[in-house]
Amino acid sequence: MSIDIAVVPVAGHGTRLLPATKSQPKEMLPVGRKPVVQYVAEELSAAQIRRVLFVTGARKSAIENHFDEDQSLVEYLRESGREEELAELEFDRNKVDYFYTRQSRQLGLGHAVLCARPLVGNQPFAVALGDSIIGLHAQSTIMSRMLEEYDRTGADVIVAVEEVPPQDVKKYGIIEPAGPIGNRIDIRRLVEKPAVNEAPSNLAIVGRYVFSPRIFDELALTKPGRGGEIQLTDAMQRVLEQGGKGVAMRLLPGEKRFDIGNFGSYFRAFFDFAISDPKYGESLRAHARKVLDREG
Ligand code: UTP
């Protein structure tokens, strides 16, 4: 059976985006017209995922509210004939079921994924980070390609990767390829946040994963690593050490990655989405040109 369940970790503190994230989840920050996590849910829905399990935490109830039907708002819009706005509230509500569990202590991404175990059980599943968008307006097929790879090979660990500048490898999980570097790469080894001179490549893992349930056994055994957190990369590496198969799928040239984790990348993401907005993009581009000309 094809994978139809995805885990979306959204429990992090978002400290790099304070004060914006003091009482609001970073995954709910708008990028253009929609909150980040809505793009993630739409990407998963387009890849035929039908069950999305959010791993949430304190101060994250806005996410639950966002994916719940607001009957009084729907009635209000219907009664006042606001069909356009009404359509904006229909995002995939009929196709996807949403579920929630809590990560009470932020012990890292690996721990957040482990929190999903009682609900996912003994089946393969996808993971998509709730703070990164793949492709402008989430137009990407990376998750579908990863799920097809699972159907074809049953690999235990499938990750999305992209090349990053050498000075940035220390911010990511990095793969060591076991063969030629095409759009699909066999993985020999994984390292979390290596120093430049220790990095086995500059192919960085970018927030999309497909796992066989073997990952749960290794996560349960994984001790806190870098930063005192239970690292997902460490558990993936252990799956490979136990003989599991690992595959990396490269983002295609059109699949730009928008990471919302810090203000620099958040501002760029918002700008890119806003200048490509079907209604306001054109005039915003003209405005930006005018402002920059004045400065230059
Ligand atoms: P990050 O490490 O970028 O998120 O995790 P963070 O911890 O919120 O960031 P800072 O450093 O404090 O600014 C990537 C994704 O994993 C989730 C986050 O919510 C984010 O969507 N995450 C991270 C968890 O769910 N639990 C954790 O313990 C850590």
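Residues numbered from 1 in each chain as written. Predicted model: local features only at pLDDT ≥ 70, side-chain atom pairs only at ≥ 80, totals over all residues. Heavy atoms only, no water.

Focus: the pairing of strand β10 (residues 184-192)
Then, in step 1: Relative to β10, strand β9 (residues 173-177) is paired through 5 bridges, and the arrangement is antiparallel. In the strand pairing of β10, Ile174 is matched with Val191.
Then, in step 2: By the bridge criterion, 3 bridges tie β10 to strand β12 (residues 246-250) in an arrangement that is antiparallel. Residue Arg184 lies in a different strand from β12, and its bridge partner there is Met249. (Pairing = 2+ DSSP bridges. Helix = DSSP H or I, 4+ residues; strand = E, 2+ residues; numbered from the N terminus.)

Topic: the site of the ligand
Then, in step 1: Inspection of the region around the ligand gives 19 residues, with Gly12, Gly14, Thr15, Glu27 and Gln103 positioned closest.
Then, in step 2: Between Gly14 and the ligand, the recorded distance is 2.7 Å, taken from a backbone N or O atom to an oxygen atom.
Then, in step 3: A distance of 3.1 Å is found between an oxygen atom of the ligand and a side-chain nitrogen or oxygen belonging to Lys26. (Near = heavy atom within 4 Å. Polar contact = N/O pair within 3.5 Å; in protein donor to acceptor, adjacent residues only side chain to side chain.)

Describing the side chain of Arg208
Then, in step 1: Here Arg208 lies in strand β11 (residues 203-211).
Then, in step 2: Residue classification places Arg208 among the buried residues on the basis of a relative accessible area of 0%.
Then, in step 3: Engagement of the side chain of Arg208 in a polar contact is seen with the backbone oxygen of Ser132, the distance being 2.7 Å. (Buried < 20%, exposed > 50% of the residue type's maximum accessible area, 1.4 Å probe, protein only.)

Quick look at the environment of Ser201
Then, in step 1: Secondary-structure assignment places Ser201 in the loop between β10 and β11.
Then, in step 2: Separated by 16 residues in sequence, Ser201 and Ile185 place their C-alpha atoms 12 Å apart.
Then, in step 3: Those residues in contact with Ser201 that sit more than four places away from it in its chain are Val169, Ile174, Ile175 and Pro177.
Then, in step 4: A distance of 3.0 Å separates a polar atom in the side chain of Ser201 from the backbone nitrogen of Leu203. (Contact = heavy atoms within 4.5 Å.)

A word on helix α8 (residues 214-221)
Then, in step 1: Turning to α8, its buried residues number three or more, namely Ile215, Phe216, Glu218 and Leu219. The buried residues of α8 occupy one face: seen down the axis, they fall within an arc of 165 degrees.
Then, in step 2: At its buried positions, α8 is contacted by α5 (109-114), α6 (117-120), β6 (125-128), β11 and α9 (232-241). (Arc of directions from axis to C-beta.)

Structural notes on unusual backbone geometry
Then, in step 1: Between Leu18 and the following residue, Pro19, the backbone shows a cis peptide bond with an omega angle of 5 degrees.
Then, in step 2: Here Pro19 lies in the loop between β1 (5-9) and β2 (30-31).
Then, in step 3: The backbone of Gln48 sits at a positive phi, close to 70 degrees, despite the residue not being glycine.
Then, in step 4: With respect to the helices, strands and loops of the structure, Gln48 is situated in the loop between α1 (36-46) and β4 (51-56).
Then, in step 5: Located in the positive-phi region is Arg59, a residue other than glycine, with phi close to 65 degrees.

Considering the packing of α8 against α9
Two quantities define a packed helix pair, namely the angle between the axes and the distance from one axis to the other.
Then, in step 1: The geometry of α8 relative to α9 is characterised by a closest axis approach of 8 Å and an angle of 120 degrees between their N-to-C directions. With respect to their mutual orientation, α8 and α9 come out oblique. The two elements α8 and α9 cross, and the hand of that crossing is right-handed. Facing Arg214, Ile215, Glu218, Leu219 and Leu221 of α8, the residues of α9 in contact are Leu232, Ala235, Met236, Arg238 and Val239. (Axes fitted to C-alpha atoms, helices over the stretch in contact; angles between N-to-C directions. Parallel < 35°, antiparallel > 145°, perpendicular 65-115°, else oblique. Left-handed = near helix turned anticlockwise from the far one by under 90°.)

Comments concerning the packing of aromatic side chains
Then, in step 1: One pass over the full model with this rule turns up 12 aromatic pairs.
Then, in step 2: Judged by centre distance (6.0 Å) and plane angle (20 degrees), the ring pair of Phe54 and Tyr98 falls under stacked. Taken together, the positions of Phe54 in strand β4 and Tyr98 in strand β5 (residues 97-102) put the pair 44 residues apart, joining distant regions of the chain.
Then, in step 3: Classification of Phe54 as buried rests on a relative accessible area of 1%.
Then, in step 4: When its relative accessible area of 16% is taken as the criterion, Tyr98 is described as buried. (Phe/Tyr/Trp six-rings, centres within 6.5 Å; stacked < 30°, edge-to-face > 60°.)

A word on the nonpolar core
Nonpolar side chains in soluble globular proteins tend to be buried together.
Then, in step 1: By size, the foremost hydrophobic cluster in this structure holds 34 residues, and its most contacted members are Leu44, Phe54 and Val210.
Then, in step 2: For this core, the elements supplying multiple residues, two or more each, are β1, α1, β4, β6, α7 (142-153), β8 (157-163), β11 and β12.
Then, in step 3: Once residues lying within four places of it in the same chain are set aside, the contact partners of Phe54 are Val8, Val10, Val37, Ile63, Phe67, Tyr98, Phe99, Tyr100 and Thr101.
Then, in step 4: If you look at the next biggest cluster of nonpolar residues, it comprises 33 residues, including Leu53, Val157, Ile175 and Val239. (Core = buried A, V, L, I, M, F, W, Y, C linked by side-chain atoms within 4.5 Å.)

With respect to the side chain of Glu162
Then, in step 1: Counting through the fold element by element, Glu162 comes out in strand β8.
Then, in step 2: A polar contact is formed between the side chain of Glu162 and the side chain of Arg257, at a distance of 2.8 Å.
Then, in step 3: Apart from the residues lying within four places of it in its own chain, the contact partners of Glu162 are Asn202, Leu203, Ala204, Val206, Leu251 and Arg257.

A few points about the pairing of β11
Then, in step 1: For β11, a buried count of 9 out of 9 residues is recorded, marking the element as mostly surrounded by other parts of the structure.
Then, in step 2: Pairing of β6 with β11 involves 4 bridges; the strand directions are antiparallel. Each residue of the ladder has a partner; that of Ala128, found in β11, is Arg208.

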